[in-house]
Amino acid sequence: MLKFIGTGDLANVKLGNTSCYYKSENEILLIDIGVLNFKTLIESEILKDVNVVNIIITHSHPDHIGGLASTIYYLEYWLKIKNINIIVPNDLQKNDINTFLQIQGVENNEFNFINANEFKMNNIKSVTFNKIIHSNVKSFAVTVNFKENKEIFVGDNNDVDFLTRNLKLINNNDLIYTDVSSFDSAVHLNIETLIKLVPECKRKNVVCMHFDNVEIKERLKKLGFQIAENENKNSN
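Everything in this summary refers to the structure shown in the same document. (Residues numbered from 1 in each chain as written. Predicted model: local features only at pLDDT ≥ 70, side-chain atom pairs only at ≥ 80, totals over all residues. Heavy atoms only, no water.)

This brings us to the overall build of the protein chain. Broken down by element type, the protein chain carries seven helices and twelve strands. Against the globule reference of 18 Å for 236 residues, the protein chain gives a C-alpha radius of gyration of 17 Å, in line with a compact fold. Over its C-alpha atoms, taken along the principal directions, the protein chain stretches across nearly 50 × 35 × 35 Å. For the protein chain, the proportion of its 236 residues judged to be buried stands at 53%. Taking all contacts inside the protein chain whose residues are at least 6 apart in sequence as the whole, residues at least 24 apart take part in 60%. Total accessible area computed for the protein chain in this model is approximately 10700 Å², and 49% of it derives from carbon and sulfur atoms. (Helix = DSSP H or I, 4+ residues; strand = E, 2+ residues; numbered from the N terminus. Rg over C-alpha atoms; globule rule 2.2 N^0.38 Å. Buried < 20%, exposed > 50% of the residue type's maximum accessible area, 1.4 Å probe, protein only. Contact = heavy atoms within 4.5 Å. Areas by Shrake-Rupley, 256 points an atom, 1.4 Å probe, with all protein chains shown as cover.)

So, about the environment of Glu218. With respect to the secondary-structure elements, Glu218 resides in helix α7 (residues 215–222). On a C-alpha basis, the gap between Glu218 and Asp32 in space is 25 Å, while along the polypeptide they are 186 residues apart.

Below, the discussion takes up the packing of aromatic side chains. According to the stated counting rule, one finds eight aromatic pairs in the structure shown. An aromatic cluster of at least three residues, connected via ring pairs, comprises Phe4, Phe153 and Tyr177. (Phe/Tyr/Trp six-rings, centres within 6.5 Å; stacked < 30°, edge-to-face > 60°.)

Within the span of helix α3 (residues 68–78), buried status applies to Leu68, Ala69, Thr71, Ile72, Tyr74, Leu75 and Glu76. Immediately downstream of α3, the backbone of Lys80 shows phi near 60°, a positive value.

A separate point is the packing of α3 against helix α4 (residues 91–103). Orientation of α3 relative to α4, taken along the N-to-C sense of each, is 70°, at an axis distance of 9 Å. Taken together, the axes of α3 and α4 lie roughly perpendicular to each other. In contact with Leu68, Ala69 and Ile72 of α3, α4 contributes Ile97, Phe100 and Leu101. When its residues are assigned to classes, the contact of α3 with α4 shows six nonpolar, no polar and no charged. (Axes fitted to C-alpha atoms, helices over the stretch in contact; angles between N-to-C directions. Parallel < 35°, antiparallel > 145°, perpendicular 65-115°, else oblique. Nonpolar A, V, L, I, M, F, W, Y, C, P; charged D, E, K, R; others polar.)

Here six strands make up an open sheet; going across it, the order is β1-β2-β3-β4-β5-β6 and the pairing mixed. Of all strands in the sheet, those bounded by a partner on one side alone are β1 (3–6) and β6 (112–115). Shown here is a sheet whose adjacent strand axes are inclined to one another by a mean of 30°, direction ignored. Bridge count between strand β2 (residues 19–24) and strand β3 (residues 27–31): five bridges; the pairing is antiparallel. In the strand pairing of β3, Tyr22 is matched with Leu29. Packed onto the sheet, α4 meets β5 (83–88) and β6 and runs at close to 135° relative to β5. (Pairing = 2+ DSSP bridges.)

Right, let's get into the sheet that holds strand β11 (residues 206–209). Spatially, the six strands line up as an open sheet ordered β7-β8-β9-β10-β11-β12, and their pairing is mixed. Of all strands in the sheet, those bounded by a partner on one side alone are β7 (124–132) and β12 (226–227). Where strand β9 (residues 150–155) lies against strand β10 (residues 175–179), four bridges are found, and the strand directions are parallel. Among the inter-strand pairings, Ile152 is bridged to a residue of β10, identified as Ile176.

This next bit is on the pairing of strand β8 (residues 139–146). With eight of its eight residues buried, β8 lies for the most part within the structure. Residues Ser139, Ala141, Thr143 and Asn145 of β8 are buried on one face, and the alternating residues Phe140, Val142, Val144 and Phe146, pointing to the opposite face, are buried as well. The hairpin formed by β7 and β8 contains six residues between the paired strands. Pairing of β8 with β9 involves four bridges; the strand directions are antiparallel. Across the sheet, the residue bridging to Thr143 is Ile152, located in β9. Turn length for the β8-β9 hairpin, with the two strands adjacent in sequence and antiparallel, is three residues.

Another aspect to go through is the packing of helix α1 (residues 37–44) against α3. The angle between the axes and the distance between the axes are what describe a pair of packed helices. Look at α1 against α3: their axes get within 9 Å of each other, and the N-to-C directions meet at 30°. Relative to α3, the element α1 is oriented roughly parallel. Judged by residue contacts, Phe38, Leu41 and Ile42 of α1 engage Ser70, Thr71 and Tyr74 from α3.

Right, here's the structure in full:
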């Protein structure tokens, strides 16, 4: 199961930007690294004993990609990790991320791009990207196909059709991670919409994240949804 170092939205300094990871032996997969995640990434020590780092970025908003350049610098020059891989679905996202990093001085020889259909990791069979509706930037949901189940990280999303479609396709052990907002928004999934959308029998398969406030977490728990919690309990 994916674990979290941040579960908040862009301005939620208490919970940190939503970011998660899966670690197996000396290798780690990070999904999104926002501006508020870099400090937590260092303090959490999840990179201890790691020598292979794989990174997925769902879209280019600062709370999802803003900490990427700092993380690459830290991995290479502080931790001396040379195997840093960014997983991309296509050349278009590859070029966008490359431009973003070059502006900040990160050179191409400091990391590798790997196409999603070539990515493998211990206990992960594959990862797949699906375009979703979020805002005016290219956004993706990422499915991590573990050996035991699949976990769909939807990230920022107002794509009701995508969520509805995948709720019908998931099996009992599968999980969907989705953002939830306490206010009406054209770019995020409102809590009232989520409640209407997900039948009670499927709520145990839906993990809520990207909170704009802490209060809605308790309401969602009482309604049967799972809640993403930070590994660092002091920030919950």
